[in-house]
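# Structural overview
One letter stands for each residue in the lines below.
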Amino acid sequence: MFQHSPENFFNKIAAKRGYPSFWFFNAVGWILLIAADSFIVSPEYVLDSWHNFFSNAIQWAVGFVITIGLRFIYKRFHYKHKQLLFVLGFILSISLISSIILYYTAHFIFLSLNPELFDQYLEIIFSLNYMAQRMTGVFPLMTTWSLLYFGIKFWLDWSRERDRAEKLDLLAQSAQLQMLRYQVNPHFLFNSFSSLRALIRSNQVKAEEMVTKLSEFYRYSLTTKNNSEVPLIEEIEAIEHYFEIEKIRFG
């Protein structure tokens, strides 16, 4: 029996350090590609035998391995400091190289699994016309993968920068509030005690009321000093306590 909901299970697998896991989504993407190629694009060949299905899956699995290498390269490419045309040129160049690697690796795997076709297909593989025909499918695939990678990377970097800016803004606001509290509270407390001393002799009822209001006000100040947001009703009550104290002091 599952103790976690599907959403929690997905988050546990797909999330890593606060952002989606590359390994999870990359593996799922290539598995879906293998399934689409097997059951939609060319089922008449791939599903003809287990040997063909295994051979086709192994060839596409090379793409998964190549994209791991692409990620290693792209992680070390500082695109933020480059012009857009340079970034696009870099992506297209790396995608072209990876497409050529995928093309030759996949075909040599095919020949190693089908040795009886080695002499027949070896010359065709190195034919420019055949290569250009196959590259019309492989190159857009690798380019799309690269653009998706940089698109997701840009979105994650932007989200982290936004969260960092929001945290810095909250810290700045909190520091300003703390500064104001440190400036106001000592003077307010000193003046309140001076008034309280006079009230103890002249009006004990007012003195007790002032002690109550003063304790409530400082209790609120201490319990909320590290909070960037507080309920409006609590803020209003604190203001009312402040004005009650001032009213007692000045009449």
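Procedures and definitions
Residues numbered from 1 in each chain as written. Predicted model: local features only at pLDDT ≥ 70, side-chain atom pairs only at ≥ 80, totals over all residues. Heavy atoms only, no water. Helix = DSSP H or I, 4+ residues; strand = E, 2+ residues; numbered from the N terminus. Buried < 20%, exposed > 50% of the residue type's maximum accessible area, 1.4 Å probe, protein only. Contact = heavy atoms within 4.5 Å. Axes fitted to C-alpha atoms, helices over the stretch in contact; angles between N-to-C directions. Parallel < 35°, antiparallel > 145°, perpendicular 65-115°, else oblique. Left-handed = near helix turned anticlockwise from the far one by under 90°. Nonpolar A, V, L, I, M, F, W, Y, C, P; charged D, E, K, R; others polar. pLDDT = per-residue confidence, 0-100. Salt bridge = Lys/Arg side-chain N within 4 Å of Asp/Glu carboxyl O. Phe/Tyr/Trp six-rings, centres within 6.5 Å; stacked < 30°, edge-to-face > 60°. Lys NZ or Arg CZ within 6 Å of the ring centre and 35° of its normal. Core = buried A, V, L, I, M, F, W, Y, C linked by side-chain atoms within 4.5 Å.

## Thoughts on the overall build of the protein chain
- Scanning the protein chain from terminus to terminus reveals 9 helices and 2 strands.
- Listing the helices and strands of the protein chain from first to last along the sequence gives α-β-β-α-α-α-α-α-α-α-α.
- Counting the 251 residues in the protein chain, one finds 28% classified as buried.
- When contacts within the protein chain are restricted to residue pairs at least 6 apart in sequence, those whose partners lie at least 24 apart make up 65%.

## Notes on the packing of helix α4 (residues 50-75) against helix α5 (residues 84-113)
- Interhelical geometry of α4 versus α5 gives an angle of 150 degrees and a closest axis separation of 9 Å. It follows that α4 is roughly antiparallel to α5 by the angle criterion. Relative to α5, α4 is oriented so that their crossing is right-handed. Residue-level contacts link His51, Ser55, Ile58, Gln59, Val62, Gly63, Ile66, Leu70, Ile73 and Tyr74 of α4 to Phe90, Ile91, Ile94, Ser95, Ser98, Ile101, Leu102, Thr105, Ala106, Ile109, Phe110 and Leu113 of α5.
- Its residues assigned to classes, the contact of α4 with α5 shows 15 nonpolar, 7 polar and no charged.

## With respect to the confidence of the model for the protein chain
- Here the protein chain shows a mean pLDDT of 80. Residues at 70 or above account for 84%.
- Across the protein chain, the secondary-structure element scoring lowest on mean pLDDT is strand β1 (residues 15-16), at 46, and the one scoring highest is α5, at 91.

## Things to note about the pattern of salt bridges
- One pass over the full model with this rule turns up 3 salt bridges.
- Two residues, Glu161 and Arg164, come together in a salt bridge whose shortest N-O distance is 2.9 Å. Within this pair, Glu161 and its partner Arg164 are both found in helix α7 (residues 128-202), separated by 3 residues, close to a single helical turn.
- Residue class for Arg164 comes out partly exposed when judged on its relative accessible area of 41%.

## Focus: the packing of aromatic side chains
- Per the stated rule, a full pass over the model turns up 20 aromatic pairs.
- Considering the side-chain rings of Phe22 and Trp23, the 5.6 Å spacing of their centres and the 75 degrees angle between planes classify their relative orientation as edge-to-face.
- With a centroid separation of 5.7 Å and 35 degrees between ring planes, the pair formed by Tyr74 and Tyr149 is classed as tilted. Residue Tyr74 is located in helix α4, and its partner Tyr149 is located in helix α7; the two are separated by 75 residues in the primary sequence.
- When its relative accessible area of 0% is taken as the criterion, Tyr74 is described as buried.
- What makes Tyr149 buried here is its relative accessible area of 13%.
- The rings of Phe22, Trp23, Tyr74, Phe77, Tyr79, Phe86, Phe90, Trp145, Tyr149 and Phe150 are connected pair by pair, giving a single aromatic cluster.
- Sitting above the plane of the Phe72 ring, Arg76 keeps its charged end 3.9 Å from the centroid.

## Thoughts on the side chain of Ser99
- Its location among the elements puts Ser99 in helix α5.
- Excluding residues within four positions of it along the chain, Ser99 makes contact with Met135, Val138, Phe139 and Met142.

## Observations concerning the nonpolar core
- Ranked by size, the top nonpolar core spans 27 residues in total, and within it Leu70, Tyr74, Met142, Trp145 and Phe150 carry the most contacts.
- Of all the secondary structure elements, the ones that give two or more residues to this core are α2 (22-41), α4, α5 and α7.
- The element that contributes the greatest number of residues to this core is α5, accounting for 8 residues.
- Of all hydrophobic cores here, the second largest spans 10 residues; its members include Phe188, Ala207, Met210 and Phe217.

## Examining the packing of α5 against helix α6 (residues 118-125)
- At a closest axis distance of 10 Å, the pairing of α5 and α6 adopts a crossing angle of 170 degrees. Between α5 and α6, the angle is such that the two are roughly antiparallel. Counted together, Tyr103, Tyr104, His107, Phe108, Phe110 and Leu111 of α5 and Phe118, Tyr121, Leu122, Ile124 and Ile125 of α6 form the full contact between these two elements.
- Among the residues making up the contact of α5 with α6, the classes are represented as 10 nonpolar, 1 polar and no charged.

## Looking at the environment of Tyr149
- With 78 residues separating them in the primary sequence, Tyr149 and Arg71 have C-alpha atoms 8.1 Å apart.
- Excluding its chain neighbours within four sequence positions, the residues that come into contact with Tyr149 are Phe22, Arg71, Tyr74 and Lys75.

## A closer look at the side chain of His107
- Take His107: it is sitting in helix α5.
- Judged by relative accessible area, which is 10%, His107 ranks as buried.
- Not counting chain neighbours up to four residues away, the residues in contact with His107 comprise Ile125, Tyr130 and Arg134.

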